[in-house]
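Report on the structure
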Amino acid sequence: MEKVKRNLLIIFIFALVTIIYTSVLLKVGELTLTSDSSFHFSRVEEIYRNLSEHHLFTFIASHTFNHTGVGNFLFYPVVFLYPWAFLRFLFNPISAFIIWYGLFIFATLIIGYYSMLDFSKSKTRSFIFAVIYTIAPYHLHLGIYNYVLGEFIAYTFLPLVFLGAYHVFWKDSQKWPLLAVGISLLLYSHLLSVYLVSLILVCLLLGKLIIQRKFEIARVIALGKSVVLTVLLSAFILVPFVTDFVGQKIAVPEKGFSWLMSVQQLIDPSISNTISINRSVGVVVLLTALFGWYFVRKNPIEKSIYIIGIIFICLATTLTPWGLFLHSSIFLKILGEIQFPYRFNAYSSFFLSITASLILSKLIQQIKLNYLKKTALITLALLSFIGYYGSIQPVFDRIVAADHNFLAVAKKNSILLPVNALINKDNYNNIFSYLVLFGETDYYHEYPAKNTTAYNQSIYNNQVILGQRNIKLVPQVGPNTITYQVRKSKTEKNINLPVIAYKHTQVKLNGRRVNYTRSFRGTVQVKTKQKNNQVTVSYQPSKLFYLSVLIGWLTWLGLILSWIAKRMLGIKLTGFKFQNNRLN
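Analysis parameters
- Residues numbered from 1 in each chain as written.
- Predicted model: local features only at pLDDT ≥ 70, side-chain atom pairs only at ≥ 80, totals over all residues.
- Heavy atoms only, no water.
- Helix = DSSP H or I, 4+ residues; strand = E, 2+ residues; numbered from the N terminus.
- Rg over C-alpha atoms; globule rule 2.2 N^0.38 Å.
- Buried < 20%, exposed > 50% of the residue type's maximum accessible area, 1.4 Å probe, protein only.
- Contact = heavy atoms within 4.5 Å.
- Phe/Tyr/Trp six-rings, centres within 6.5 Å; stacked < 30°, edge-to-face > 60°.
- Lys NZ or Arg CZ within 6 Å of the ring centre and 35° of its normal.
- Pairing = 2+ DSSP bridges.
- Axes fitted to C-alpha atoms, helices over the stretch in contact; angles between N-to-C directions.
- Core = buried A, V, L, I, M, F, W, Y, C linked by side-chain atoms within 4.5 Å.
- Disulfide = S-S within 2.5 Å.
- Salt bridge = Lys/Arg side-chain N within 4 Å of Asp/Glu carboxyl O.

Describing the overall build of the protein
Scanning the protein from N- to C-terminus turns up 21 helices and 14 strands. Relative to the compact-globule value of 25 Å for 584 residues, the protein shows a C-alpha radius of gyration of 26 Å, a close match. Dimensions of the protein, computed from C-alpha atoms along their principal axes, come out at roughly 90 × 60 × 55 Å. In the protein, which comprises 584 residues, the proportion classed as buried is 54%.

So this is what it looks like as structure tokens:
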């Protein structure tokens, strides 16, 4: 009972901290949009509208993204956007986003705390780590400044992933489910983060094999179990990717290394602790990188963590010769998916936050009087509030700079959302009258470079192609469904719709299911002799998708029940089997 009380106290404290972190944002009730904001806001709007019409699953964009049927819901995970969409039913759109943002701040605090507690067995260190890691400027930049929300969500689960890897590779291999759960939650968040983490884990495993020259059979089995459990938990994310993306010539971002920064360009914004630029790791992480070596020099594990953090600092900057890698097809193929080396700031923030928590907890432990230790922790919490609001000041500066010039409805089609567009609850829906700032044509099909712009424009401008003429039509839309009423001449044989065609796209012509072809612009094309036609395009995933959803839910249920059994009944879980603890 005492342990339950302590856990409830921790949850209460972190809930209170989260409220303090988000209260001013809620009171202001305004946001300025930039970068990936309109992309994710549009995705949530689509989910929300489908839920409003009693449809749980969203596969293609019918209400948003100019009704093009683009499948970013298929290939870019949406699991953690659903809480945001559900909040829309209870709160105005701005409050719904800020509360959702707060939920992930809270989740990061909780996961950070309990992950560190498992690793260090120190409550003081766990509290310090959770706070430092959560309010690291790069994390806040992703969430509330630049709205890179897939990566923002993934950041929450990094401690769980690396804790699981630590146990499987070095410590208690019976805790292998932690790795599977962590990777699965990453898969629910951001596929590129899964790719990066997988590369990091491979490097850690190779490092272990080189240094220790052994990998016990129990750990091999534990790793294998983790892979199997990850597949069971995440198959519904992977199935659409395999069935409708792989081998379908869908456009992907060009591989390469952009937005490179020098060490000086990392240091300057980090000293100011700002979140207004992706180069900032914050003053705490920076000071830890400079002086942490002294505190870890006698502990091999802590020293390894510190060195890994320093490596990620180097990888994020031009200390790493990224330009040379462009000339190596192997490096470009493996590492080119990264696109922006500053993404390694998430990992330097994680590993160096571990070192920072060690340093501060050591300093606090040297205080002999308990009340002074508690005073020190309270002081750190208060400093975190000051540091947090100091870091996010650019969020408020942008709102002030907008000078009440709220976003108006787009006066014509195909206008990009203005950078730093000011929105509140009253003009929120104006967002969707614009093209999204980045990502409008993500997951269209690949075209010859000379035709890409023209084809893309014809699709998001809703141009129906009938033989030699193009006409702009406004479709009727419903959940995962887009319907065009098309009148054509007798000589026009094909109807080429501005709706992206995927492998599991379905088409009805005048109420009857028909076959279709993929047009030269990667859209749905049907043949018909009739003059007046109703063409309905929808998406129906494979039966394997629904089976994988069921398997995922049942696997989560099994994990939760096994955890409850272990906690409540004193039964130890090994793999998927229960074994009674022996009584001494």
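Section: the side chain of Arg-125
Mapped onto the elements, Arg-125 comes out in helix 6 (residues 123-134). With relative accessibility at 4%, the residue Arg-125 sits in the buried group. The contacts of Arg-125, once residues within four sequence positions are left out, are Met-116, Phe-119, Ser-120, Glu-302, Ile-354, Ser-357, Leu-358 and Ser-361.

Some words on the environment of Ala-402
Within the secondary structure, Ala-402 is located in helix 19 (residues 393-402). Here Ala-402 falls in the buried class, since its relative accessible area comes to 12%. The spatial distance from the C-alpha of Ala-402 to the C-alpha of Ile-210 is 55 Å, given a sequence separation of 192 residues. Apart from residues no more than four positions distant in its own chain, Ala-402 is found in contact with Thr-32 and Leu-422.

Quick look at the packing of aromatic side chains
Overall, the coordinates contain 61 aromatic pairs when judged by the stated rule. Judged by centre distance (5.7 Å) and plane angle (55°), the ring pair of Phe-39 and Tyr-76 falls under tilted. Taken together, the positions of Phe-39 in helix 2 (residues 37-52) and Tyr-76 in the loop between helix 3 (72-75) and helix 4 (82-87) put the pair 37 residues apart, joining distant regions of the chain. You'll find Phe-39 and Tyr-76 in the same group, each marked buried. Geometry around Phe-432 places Arg-49 over its ring, the cationic atom sitting 5.9 Å from the centre. Here the guanidinium or amino end of Arg-398 rests over the ring plane of Tyr-145, the centre of that ring lying 3.9 Å away.

Brief notes about the sheet that holds strand 6 (residues 481-487)
A sheet is described by the order of its strands in space; here five strands give the open sequence 5-6-12-8-9, paired in antiparallel fashion. Edge positions in the open sheet fall to strand 5 (476-478) and strand 9 (512-514), since each of these has one partner strand only. On average, each strand axis in the sheet is tilted by 25° relative to the strand beside it, whichever way the strands run. Pairing of strand 8 (residues 505-509) with strand 12 (residues 532-539) involves five bridges; the strand directions are antiparallel. Bridging across to strand 12, Gln-506 finds its partner in Ser-538.

Let's talk about helix 19
By the burial criterion, the buried members of helix 19 are Pro-394, Val-395, Phe-396, Arg-398, Ile-399 and Ala-402. Buried positions along helix 19 lie against helix 1 (2-28), strand 1 (31-33), helix 7 (137-145), helix 18 (370-391) and strand 2 (421-423). After helix 19 finishes, the residue Asp-403 shows a positive phi value of roughly 50°.

Overview of unusual backbone geometry
It is generally the case that most residues other than glycine have a negative phi and that most peptide bonds are trans. One non-glycine residue, Asn-66, lies in positive phi territory at about 60°. Take Asn-66: it is sitting in the loop between helix 2 and helix 3. A residue is classified by how much of its surface remains accessible, and Asn-66, at 22% relative accessible area, is partly exposed. Phi is positive for Gln-339, close to 65°, though the residue is something other than glycine. In this fold, Gln-339 is placed in the loop between helix 16 (329-335) and helix 17 (345-365).

Focus on the nonpolar core
Nonpolar side chains in soluble globular proteins generally cluster together in the buried interior. In this structure, Phe-41, Phe-97, Trp-100 and Tyr-347 are the most contacted members of the largest nonpolar core, which totals 152 residues. Sequence-distant contacts of Tyr-347, defined by excluding residues within four places in its chain, comprise Leu-158, Phe-162, Ser-193, Leu-196, Val-197, Ile-200 and Phe-312. One finds Ile-482, Ile-495, Ala-501 and Val-537 within the second-largest nonpolar core, a separate group that totals 16 residues.

A look at the side chain of Asn-533
When you line up the elements, Asn-533 lands in strand 12. If we skip the residues at most four places from it in the chain, Asn-533 touches Tyr-484, Gln-485, Val-486, Lys-488, Ile-495, Leu-509, Asn-510 and Thr-528.

Focus on the state of the cysteines
Inspection of the entire model under this criterion finds zero disulfides. Here Cys-203 stays unpaired: no disulfide links it, and the sulfur of Cys-314, its closest cysteine neighbor, is 15 Å away. Relative accessible area serves as the criterion here: at 54%, Cys-203 is assigned to the exposed category.

Re the pattern of salt bridges
Summed over the entire model, instances satisfying the criterion amount to nine salt bridges. The partner of Lys-175 in a salt bridge is Asp-118, with the nearest N and O atoms 2.9 Å apart. Highlighted residues: Lys-175 in the loop between helix 8 (149-169) and helix 9 (177-187) and Asp-118 in helix 5 (residues 93-120), separated in sequence by 57 residues. Here Asp-118 falls in the buried class, since its relative accessible area comes to 18%. Lys-255 is the salt-bridge partner of Glu-337, the closest N and O atoms lying 3.4 Å from each other. Placement of Glu-337 in the loop between helix 16 and helix 17 and of Lys-255 in the loop between helix 11 (217-244) and helix 12 (263-272) is noted, with a sequence separation of 82 residues between them. The exposure class of Glu-337 is partly exposed, given its relative accessible area of 31%. Owing to a relative accessible area of 33%, Lys-255 belongs among the partly exposed residues under this scheme. Several salt bridges converge on common partners, so that one network encompasses Glu-45, Arg-49 and Arg-88.

Details of helix 20 (residues 452-460)
Of the positions making up helix 20, those classed as buried are Tyr-455, Asn-456, Ser-458, Ile-459 and Tyr-460. Here the buried face of helix 20 lies against strand 3 (463-466), strand 7 (494-500) and strand 11 (523-527).

By themselves, these are just geometric observations and shouldn't be taken as functional.
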